[in-house]
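# Structural overview for review
Listed below, chain by chain, are the residues.
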Amino acid sequence: MPLITYRDALNQALREEMHKDDRVFLMGEEVGVYNGAYKVSKGLLEEFGEMRVVDTPITELGFAGVGVGAAMVGLRPIVEFMTWNFALLALDQVVNAAAKMLYMSGGQFNMPIVFRGPNGAALQLSAQHSQSWESWLAHIPGLKVVAPGTPYDAKGLLKSAIRDDNPVIVLEGEMLYNIKGEVPDEEYLIPLGKAELKREGDHCSIITSGKMVLVAMQAADQLAKEGIKIDVVDLRTIRPMDVDAITTSVKKTNRAVVLEEGWEICGIGAQIVDYIQRDCFDHLDAPVIRVHQADTPMPYAKALERAAKPDLPKTIAAVKKVMYIEA
Amino acid sequence: MAIKKRADSSAAKGLHTELLHTMLLQRRFEEKVAEAYALGKIGGFCHLYIGQEAVGTGVISMLRDDDYVITTYRDHGQAIARGVTPRSVMAELFGRVDGCSKGKGGSMHIFDRNVNFLGGHGIVGAHVPIATGVAFAIKYRGGNQAIVCFMGEAAVNNGAFHEALNMAGLWKLPVIYVIENNKYGMGTAVERASSIKDMYKRGETYSITSAEVDGQDVLAVRDAMATALERARDDYQPTLLEIRTYRFMGHSMSDAVSGTYRTKAELEEYLKRDPINLLEAKMKTAGEITDAQIAEMEKEIGLVVQDAWDFADASPEPPLEALYEDVLVETTSG
Ligand SMILES: Cc1ncc(C[n+]2csc(CCOP(=O)(O)OP(=O)(O)O)c2C)c(N)n1
Ligand SMILES: [Mg+2]
C-alpha cells in the first residue's frame, strides 16, 4: 500500500470527489492560486478551474454564508477555513444557519456542506492560533463533526463528509499534515458515526480522537513494553458519537483514560465520562481520568507551551494512575 | 395605434387589479394574524408587514417562478406575495403540522420549496451572504435566474451585509439586495444607527449599481426591479435598491405603534401614504376600478383569510415524535 501524507490523503479525497460530482466545489482563503495555506488543495485550481476552486477574500462569515446559500439550492460546497480559530468569525453561519436550516424549514432544506480546516495547536503559535474547537461544534444538534487522526482516516472520512447530505465539520490537524500512513489505491469510504478500535488490550482504555490518536498509540506502544495492554478507541466521529464502542471497551478493561486536545471545562472528555458513568458504573475499577490542555490560553514560550499541552508523558501517567501503578 | 393603446390600458388594468388584490390579501391576512395573536393562538415573536406591502408586492410581482426570494423574520406578506398559500402560512403561525415549515419554524421562519421561498431568517444580516451564495450557485450553473434578498435598513450596519456585497460586486453575482428602509430598527431611528443617511450609497463602494425607490408606490418598485432584473439576467450584475417605506404597526406584537421612539404625528403623516390607498386612488382616477368592485374584492379576500384561519385551527399540533425529526437527513452517501 502506498505511504502518503495526511495532506495528500485529503488532497486525494477532494480531487476524487470533485471528479465524481460537479456540484462539489472548494472555497476559502488561498485555496486556489496559492495552492492552499497548508497545500491541501495543491493542483486543484489547475485541474478544476476558478469556478470550482474559489479564492475568497478574508471574509469568513461572508464566504461561510455563501456556502450555505449554495448548499440550499443544491450545490455541495466544501468551505475551507485557514484554521478553525478564524472560523470563529463564521460560527453564526455554521450554527444559526447550516445547523438549523433543515429543522426550521420543517425538513425542506438540507445542507450538503463541509466546513473543514486545521484545529488545535501547532507549535509556538500562542493564544489566538492554538485552539481546539471540537466541544463548541459538537454541542450543536444539526451538525456532524469528524476528527481524523491518520492519513487513511483523513481520506475516508473526508470523502464520506463530502457525500453526506448534512453539514459536516472536518477537524484536521496542522501537525498532522506531514505525517505518513498507508492509504490504498482503491476507493474506500469510512462511515461517519463509527469509532475504530485502533489497538486492542484489556488493561485500560484510552478514548480519544483527532491529533491525540497519535499520542494514544505512542502511549500504547510504550506501555506495552511494561506489559500494560491498552485498548485505543479512536472516535473518528465526535458527533454523532459511537457510544457503544466506548462502553464496550470500558466494560472489557474496567479502566479508562479520556484524552483530548482542548480544555477541560465542558470539553468532549466530560461528555465521554458521562456516557461511561451512565453505562459502565458497575464495571469501573477506578475513577476515569481525563488528559487535556491546561486551563489557560496557550502560551508562546516553549517550556510553558509544553506544560500546557496534553502529551505522551501525561497520558502515560494518567494510565498508570487509573491502574494504581506507582510512578 | 388606438388598438394597441386599448390593449395596453386593459393590460394595465389587469395588472393593477392583481397588485391591489395581492396587497389587500396581505393586509387582511395580517390583521387576522394580529387578532389570532391577541387570542393566544399565535405565540413568540411576530412581526407584521402592514404599511410595507408595496415593496414585497412590487418586487416579487416582477419575478419568474424559477427565481428565488429570501427574507427576514418580517416574512408573512412576502411569502403570500410569492404564492405560499395563506393556509400554510397561517397554520405555521398557529404552530400546526400543516404549516409550511410543519410548525417548527413559526412566524420568523416561513419556508416553501415549491415557490423558491428560501425562508424567513432571524439573525439580522445573516441571510445576506446566504442570498449571495444562491446567486453564486445560479452563476455556477450558468442559469439566468435572480435572487431577491429583502432586509431591513438596520442590517446595513451589520458586517455580514458588507462581506456579502463585497463578494457580489467582486464576483458579479445575480442578486438584487432590497433594503426596506422603514426608518427604524426596533426603536432605533436610522439616523441614530447609521453614519450615512442614504442607505443605497453603501452599494457604490462595492461597485454595485444602486438606486433609491419610493416604497409606497408599487409601480415605482416594479420599474426599479425591471432594470435590476435585466442586469442580473443578462450580465450577472448585482443591484442594491433602497426602498423607502414605513411600518404602520409596532416592531413586533409587544411594541406600541407609537409613543416611545416615534410620534403619533409622524405615524399619521405616513398613514396618508398607505400603499393600498394610493393604488386604489390611482385606479379609480383611471377608471380601472369602482367602489363596488373593491367591496367585492374585500369580500372574496375576507373569505380566503377566514378559510386560512379555519384551516390552521383545525390542523393538528405536530406529534411529539416530530421533536427529533428533521435534525439531520438520512444521508444517501455512496
Ligand atoms: C444579529 C441580530 N441582532 C439583534 C437582533 C434583534 N433584532 C431583531 S429585529 C431587529 C431590528 C432590525 O431592524 P431592521 O433591519 O430595520 O428591520 P425591520 O424590523 O425594521 O424590518 C433587532 C435588533 C437580531 N435578530 N439579530
Ligand atoms: Mg427597519
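Analysis parameters
Residues numbered from 1 in each chain as written. Chains lettered and ligands numbered in written order. Predicted model: local features only at pLDDT ≥ 70, side-chain atom pairs only at ≥ 80, totals over all residues. Heavy atoms only, no water. Contact = heavy atoms within 4.5 Å. Buried area = accessible area lost by both parts, 1.4 Å probe. Salt bridge = Lys/Arg side-chain N within 4 Å of Asp/Glu carboxyl O. Donors = N, O, S within 2.8 Å, 3.2 Å for Na, K, Ca; no water. Helix = DSSP H or I, 4+ residues; strand = E, 2+ residues; numbered from the N terminus. Buried < 20%, exposed > 50% of the residue type's maximum accessible area, 1.4 Å probe, protein only. Polar contact = N/O pair within 3.5 Å; in protein donor to acceptor, adjacent residues only side chain to side chain. Domains from an automatic or database assignment. Pairing = 2+ DSSP bridges. Right-handed = clockwise from strand over helix to strand, strands pointing away. Patch = residues over 30% accessible without salt bridge, like charges linked within 9 Å, V, L, I, M, F, W, Y side chains within 5 Å. Areas by Shrake-Rupley, 256 points an atom, 1.4 Å probe, with all protein chains shown as cover.

### Let's talk about the interface of chain B and chain A
Taken together, the contact pairs 43 residues of chain B with 48 residues of chain A. Both faces considered, chain B and chain A share a buried interface measuring about 3700 Å² in area, 68% of it formed by carbon and sulfur atoms. Looking only at chain B, the three residues that lose the most surface to chain A are B:Arg113, B:Phe136 and B:Tyr140, adding up to 18% of its buried area. Remark: the boundary between chain B and chain A carries 0 salt bridges.

### Quick notes on the coordination of the magnesium ion (ligand 2)
Residues and elements named next belong to chain B. Taken together, the protein donors to the magnesium ion (ligand 2) comprise Glu-153 (OE), Asn-182 (OD1) and Tyr-184 (O), at separations of 2.1 to 2.2 Å. All donors of the magnesium ion (ligand 2) come from a single chain, and their spacing in sequence reads E-x28-N-x1-Y. Of this pair, Glu-153 sits in the loop between β3 (147-152) and α6 (159-171) while Asn-182 sits in the loop between β4 (175-181) and β5 (184-185), and the two are 29 residues apart along the sequence. The pair formed by Glu-153 and Asn-182 is uniform in burial state, with each residue classed as buried.

### Section: the side chain of A:Thr5
Residues and elements named next belong to chain A. Looking at the element boundaries, Thr-5 is found in strand β1 (residues 3-5). Note on Thr-5: relative accessible area 11%, which makes it buried. In terms of polar contacts, Thr-5 uses its side chain to reach the backbone amide nitrogen of Asp-8, at 3.0 Å. Not counting residues within four places of it along the chain, the set of residues in contact with Thr-5 comprises Pro-151, Tyr-177, Asn-178, Ile-179 and Lys-180.

### With respect to the domain arrangement of chain A
Residues and elements named next belong to chain A. Annotation of chain A at the domain level lists domain 1 (3-182) and domain 2 (196-322). The gap between the C-alpha centroids of domain 1 and domain 2 is 26 Å. For the domain 1 and domain 2 pair, buried surface summed over both sides reaches about 2300 Å², with 57% attributable to carbon and sulfur atoms. Residue Arg-236 pairs with Asp-153 through a salt bridge whose shortest N-O separation is 2.9 Å. Inspection of the region where domain 1 meets domain 2 yields 14 residue pairs in polar contact (both at pLDDT 80 or more).

### Things to note about the pairing of strand β11 (residues 230-234) of chain A
All names here are of chain A. Burial runs high along β11: 5 of the 5 residues are buried. Burial along β11 is two-sided: Ile-230, Val-232 and Asp-234 and Asp-231 and Val-233, pointing in opposite directions, are all buried. Across 3 bridges, strand β9 (residues 196-199) lies against β11 in antiparallel orientation. Across the sheet, the residue bridging to Leu-197 is Val-233, located in β11. With respect to chirality, the unit in which strand β10 (residues 204-208) leads through helix α9 (residues 212-225) into the neighbouring parallel β11 is right-handed.

### A few points about a nonpolar patch on the surface
Together, A:Leu88, A:Leu89 and A:Trp136 give the surface a local cluster of nonpolar side chains, amounting to about 310 Å² of exposed area. Summarising the element assignment, A:Trp136 is placed in helix α7 (residues 134-138).

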